[in-house]
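Given next are the chains, with one letter for each unit.
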Amino acid sequence: MKIVGVNHVQVNVSPAELAKARDFYLEFLGMSEIHRPDIFKSQGFWFSAGGREMHIGVEENVDRKATRAHVAYEVDDVVAWRRKIEAANLPIKDQPKIPGFDRFHFRDPFGNNGELIGRI
């Protein structure tokens, strides 16, 4: 018995920010929206994030800025992504270097912590 992989990750936003979150993950981060089955009672969107799924759900009364929990997105050009994140005035926090990688954390407009990591 073993874990065979990661199927998806989910981050949450307040219901009032759901449309803005869809635009951020679709347009700014460049993910592709995929079908979300109609079986769910809650609101949300699903995206394709390089061979994995990224789910955006809703949750109220959570201080997302108080957690270090994060999703790490592997990118092809971490320097270009840093410039894009800086240009959008999203907060960046440098992280200790991991051998073979350059990386940094940022907060999306909804307070969720994200990491962009690229091989060097």
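Keep in mind the model is a prediction, meaning the values are calculated, not measured. (Residues numbered from 1 in each chain as written. Predicted model: local features only at pLDDT ≥ 70, side-chain atom pairs only at ≥ 80, totals over all residues. Heavy atoms only, no water.)

Q: Teacher, can you tell me more about the sheet that holds strand E8 (residues 113-119) here?
A: Through backbone hydrogen bonds, the strands of a sheet pair up, either in parallel or in antiparallel fashion. One open sheet holds the four strands; their spatial order is E5-E8-E7-E6, and the pairing between them is mixed. Each end of this open sheet is capped by a strand with a single partner; those strands are strand E5 (70-74) and strand E6 (92-94). Within the sheet, the average angular offset between the axes of one strand and its neighbour, ignoring direction, is 25°. Looking at chain direction, E5 and E8 are connected through five bridges and run parallel. Bridged to Tyr73 within E8 is Leu116. Across the sheet, helix H2 (residues 78-87) is in contact with E6, strand E7 (101-107) and E8; its angle to E7 comes to roughly 20°. (Pairing = 2+ DSSP bridges. Helix = DSSP H or I, 4+ residues; strand = E, 2+ residues; numbered from the N terminus. Axes fitted to C-alpha atoms, helices over the stretch in contact; angles between N-to-C directions. Contact = heavy atoms within 4.5 Å.)

Q: Explanation requested: the pairing of E7 in the structure shown.
A: On a regular strand, each side chain points to the face opposite its neighbour's, so the side chains alternate between the two faces of the sheet. Burial runs high along E7: seven of the seven residues are buried. One ladder, built from three bridges, connects E6 with E7; its direction is antiparallel. Following the sheet pairing, Lys93 is matched in E7 by His105. Where E6 folds back onto E7 in an antiparallel hairpin, the turn is made up of six residues, including Gly100, whose phi is positive at roughly 90°. Pairing geometry for E7 and E8, over seven bridges, is antiparallel. Across the sheet, Phe101 pairs through a bridge with Arg119, a residue of E8. Hairpin connection between E7 and E8: a loop of five residues separates the two successive antiparallel strands, and Gly111 in this loop has a positive phi of roughly 95°. (Buried < 20%, exposed > 50% of the residue type's maximum accessible area, 1.4 Å probe, protein only.)

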